[in-house]
Amino acid sequence: MDIALKPKLVDVYRRYGFHLVKDNASDGFLVFTIKTGYFDNAEIVKLWDNSDTDNVFNEFTSLGYACTVRLVTSPEVTEAELFRGFFSVDSTRQRLQEDYKKFSGSLVAPYGPTASYTYINAPYQINGKDGVLTVPEEVLSRMDELGPILFLIEAAAGFGKTCTALEIVNLLANDQAHLPLYAELSKNRQARIFRYILLDEIDRSFPLLSSSLVQTEIKNGRVATILDGFDELLRKNDETGAFENKEPMLETVSELLTGRAKVIITTRRTVLFDGDEFHQWLERHAESFAVVRIRIQEPKVSDWLKTDRLTRLTSAGLRMDAMANPVLLSYLRCIDELTFDSAILHPEAIVESYFEYMLERERERQDLRMSVNEQAEILSAIAKNMMAIGYTAEHRDYIVKYLLTDQAKAIDFTRVQYAATDRPSREEIANKLASHALLDRSAQDPNKIGFINEFALGNYVAANILVAKDWMGDDPRFIDPAVRSYSPRSETSRRQLFNSLKESLPFLDATEQIEITSELIHCLPSGLNEAEAEGLNLVDLEIGHELIKSFLFNECTFRRCIFHPVNLDDVTFLNCKIYDCEVSPEVGGGAVYILGGTSFPDISNFLAPIGEQKSSQSLPDPLRLVNQAILKRFWPIGENFNQKPSRPMYKPMDSLCHSNADFTSMELYQCVERLIKQGILFETNKSGMISLRSEFISSAQEILSDAL
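Along every chain, residues carry numbers that run from 1 in the direction the sequence is written. Given that this is a predicted model, residues contribute local features only at a pLDDT of at least 70 and side-chain atom pairs are listed and counted only at 80 or more, while totals for whole chains, interfaces and linings are drawn from all residues. Derived side-chain values reflect all non-hydrogen atoms in the structure, with water molecules and hydrogen atoms excluded from consideration.

1. A look at the overall build of the chain
The secondary structure content of the chain amounts to 28 helices and 28 strands. For the exposure calls, accessible area comes from a 1.4 Å probe over protein chains only, and a residue counts as buried if that area is under 20% of its type's maximum, exposed if over 50%, partly exposed in between. Looking at the 708 residues of the chain, the share that counts as buried comes to 48%. The contact definition used throughout considers only heavy atoms, calling two residues in contact when any of these lie within 4.5 Å. Within the chain, contacts between residues at least 6 apart in sequence are counted, and of these 58% link residues at least 24 apart. The Shrake-Rupley method, run with a 1.4 Å probe, gives the accessible areas here. Residue values count only the displayed protein chains as cover. Split by element, the accessible area of the chain, about 34,200 Å² in all, is 50% carbon and sulfur. Lys and Arg are tallied as positive, Asp and Glu as negative. Neither His nor the chain termini are counted. By convention, the charge on Lys lies at NZ, on Arg at CZ, on Asp at CG and on Glu at CD. Between the centroid of the 75 positive side chains of the chain and the centroid of its 103 negative side chains there is a distance of 3 Å. Note on conventions: DSSP H or I runs of at least 4 residues are helices, E runs of at least 2 residues are strands, and numbering of each starts at the N terminus.

2. With respect to the pairing of strand β24 (residues 592–595)
The side-chain alternation of β24 yields two buried faces, one formed by Val-592 and Ile-594 and the other by Tyr-593 and Leu-595. Pairing geometry for strand β21 (residues 568–574) and β24, over four bridges, is parallel. When the bridges of β24 are listed, Thr-572 appears paired with Tyr-593. The pairing criterion for strands is at least two bridges between them, as found by DSSP.

3. Notes on the sheet that holds strand β10 (residues 262–267)
One open sheet holds the seven strands; their spatial order is β6-β5-β11-β7-β10-β9-β8, and the pairing between them is mixed. Pairing within the sheet leaves two strands with one partner each, and these edge strands are β6 (129–130) and β8 (179–184). Bridge count between strand β7 (residues 149–154) and strand β11 (residues 290–296): six bridges; the pairing is parallel. Its bridge partner being in β11, Glu-154 is matched across the sheet by Arg-295. Orientation is described by axes fitted as lines to C-alpha atoms, over the contacting stretch for helices, and by angles from 0 to 180 degrees between their N-to-C directions. The strands touched by helix α7 (residues 194–205) within the sheet are β8 and β9 (223–228), with β8 carrying the most contacts at an inclination of about 125°.

4. A short note on the packing of aromatic side chains
Each Phe, Tyr or Trp ring (for Trp, its six-membered ring) is paired with any other whose centre lies within 6.5 Å, and the angle between the two planes then decides the class: stacked below 30 degrees, edge-to-face above 60, tilted in between. Tallied over the full model, the rule gives 24 aromatic pairs. Taken together, a centroid distance of 5.1 Å and an interplanar angle of 65° make the contact between Tyr-16 and Phe-86 edge-to-face. Residue Tyr-16 is located in the loop between α1 (6–15) and β1 (19–24), and its partner Phe-86 is located in helix α3 (residues 75–86); the two are separated by 70 residues in the primary sequence. On the basis of relative accessible area, Phe-86 is assigned to the partly exposed category, the value being 26%. An aromatic cluster is present here, built from Tyr-331, Tyr-354, Phe-355, Tyr-357, Phe-451, Phe-455 and Tyr-460 joined pairwise through their rings. Either the NZ atom of lysine or the CZ atom of arginine qualifies as a charge over a ring when it sits within 6 Å of the ring centre and within 35 degrees of the ring normal. A cation over a ring is seen here: Arg-222 above Phe-83, with NZ or CZ 5.7 Å from the ring centre. The residue whose ring lies beneath Arg-309 is Phe-340, and the NZ or CZ to ring-centre distance is 4.5 Å.

5. Re the sheet that holds strand β20 (residues 562–563)
Strand order in this open sheet of three strands is β17-β20-β23, and the pairing throughout is parallel. Each of the sheet's edge strands pairs with one partner strand only, and the pair in question is β17 (542–543) and β23 (582–583).

6. Structural notes on the pattern of salt bridges
Within this document, salt bridges are pairs made up of a side-chain nitrogen of Lys or Arg and a carboxyl oxygen of Asp or Glu, the two lying within 4 Å of each other. For the coordinates displayed, the defined rule picks out 29 salt bridges. Here Lys-8 makes a salt bridge to Glu-76, at a shortest N to O gap of 2.7 Å. Placement of Lys-8 in helix α1 and of Glu-76 in helix α3 is noted, with a sequence separation of 68 residues between them. By relative accessible area, which is 44% here, Lys-8 ends up partly exposed. Arg-70 serves as the salt-bridge partner of Glu-43, at 2.5 Å between the closest nitrogen and oxygen. Within this pair, whereas Glu-43 is found in strand β3 (residues 39–46), its partner Arg-70 is found in strand β4 (residues 66–71), the two being separated by 27 residues in sequence. For Glu-43, a relative accessible area of 8% translates into the label buried.

7. Overview of the packing of α7 against helix α8 (residues 211–220)
In the contact formed by α7 and α8, the axes pass within 10 Å of each other and the chain directions differ by 95°. Comparing their axes, α8 and α7 come out roughly perpendicular. Contacts from Leu-199, Ile-202 and Asp-203 of α7 reach α8 at Ser-211, Val-214 and Gln-215. Broken down by class, the residue content of the contact of α7 with α8 amounts to three nonpolar, two polar and one charged. Angles are sorted into four bins: roughly parallel if under 35 degrees, roughly antiparallel if over 145, roughly perpendicular if 65 to 115, and oblique for all others. Here the nonpolar group is Ala, Val, Leu, Ile, Met, Phe, Trp, Tyr, Cys and Pro; Asp, Glu, Lys and Arg are the charged ones; every other residue, Gly included, is treated as polar.

8. Things to note about unusual backbone geometry
Omega for the peptide link from Phe-600 to Pro-601 comes to -10°, which places this bond in the cis form. Positioned with a positive phi, Asp-540 is a non-glycine residue whose angle comes to about 55°. Looking at the element boundaries, Asp-540 is found in the loop between β16 (537–539) and β17. Owing to a relative accessible area of 38%, Asp-540 belongs among the partly exposed residues under this scheme. A positive phi angle, close to 50°, is found at Asp-580, a residue other than glycine. Structurally, the position occupied by Asp-580 is in the loop between β22 (577–579) and β23.

This is the structure in structure tokens:
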């Protein structure tokens, strides 16, 4: 090795905790020592192939050191070797691969030994454009880029964030160039300071190494950091709260993003990552690191099922839109051919076949000598207790005690099904039931157990609602799962549940009323008036079959719907997506506003005809005032309107159109629409964000002229 590289080599060794104790570079060797636990180690570094190290080897051996002689060719090669040794790369990769097998195996275990796991390639957008590769492939394709990158992977609950994170871990574990550091943040949700959470995760992954060394290798790009479930750290009550409470977490992340660091965050979509302040934070760090923003969309049925199974289900007459539930699709994907053949013989009862399958398997898995119906009654009783007391997960001791006291007769009956020599105790039967395959540890609190997913919870909640007379409730923790569980069933079953929930509808907000009505009886509720619905996915419905007045649809998706403008009066569609929809030819009706969003094919002109737009200068005073009220919000308080705003000129649509004492939300919506059509404002590709067009600042200042 070139002797001029010695300082760099010494720096590498010191970074890994070695001390330079003998510098004989002129003779072609250096000696570094390090103490690891009980042992003293000496590394004798030969700078040249012919360096004589016999004497120094004997010297340090006689002093009690465990000596190793290493020929060095370059600091870079040495650093790679030290990384491989200190990070126990081979055993770490093996551990991560085993963790991945354990995780993926647990997902398909309920479906029998023949079921196999494969990652679901859901559609996604990357930086606002449709992705071509899979999400893990997108991330891995950028791992070798020189600069630091923050990957922000966003998805709704149940759309595969954890599966995606662990798929990335597994791919990296099989990649010889990088080592993943995987942190499941849901396990640290009680911690308040993110910096300490990160240090905990580093210590947990590499307990024998210093956190500073791990952070150095993160910045060198050798260790890729995967923070799964970042939103779990946001306390629920703070989700819409001040950004400054969350900024320290992001600043901690940004401190890692130097050199060649790659940090991957998975999170559900929250206000935090859509707000103006977050984009300002990104702009402050625009020169420090790149951002790759990936949004995973809802997996399609065709993403879950192979073509032949999809074809057979469709041929059996099933509405596949209604079957788009991850639990059902996992079942239909993983069961063997014989079970699948049996299930599609009665397509209207396919949900029931899922539960019968699970309960029948439980008899074998736990040697639980209860019939399918007896197990269902026990699970319904647990759901009834949850609804009565108001919990969805409880400590195991509570569940066992409840079963022993309230289900004593069923437990005693089960005991006699065993031979006297093998008969389990009452407590053992109760514990078998508490360990049922349809019950599991709570995702929110691992110390508690509840139903394994909302689909199972909803099934047994609905069973209680249907048998109760005049049931009423407004707790979405029970109503929403019940509706989702019944959405794929027969029309008769769906209507029965709807009739049982009908008395509760007036106590729910408009969004929930529409979800329940559309999913169970495929229409909109009557009397939609002076309210707002958000985030709905409406398919094959008639919008305006009955009068809808003074109503806002915010970020809703409409597919294959028919709009009746004659029954729409003062209705706004804000950032909505409209696909394959039609407009009925009736004339009449009131004002309809379409603000933002997309329509394919474009029906906006039929739904909301564009009238002649007046220039701001010719507008009457009230409209000029509302224009000014909107435009003022792009300038920070106290700044002169004659000058360009000092911060990014975009605002969330909701923020712009929030009503105040002077203007209603509808007036503000109309104003934003007007300013967009005039070109002064435009909608960015960041969902729900409206920007002031920089080349039209003078036009905005002209409108504001009499407000200066």
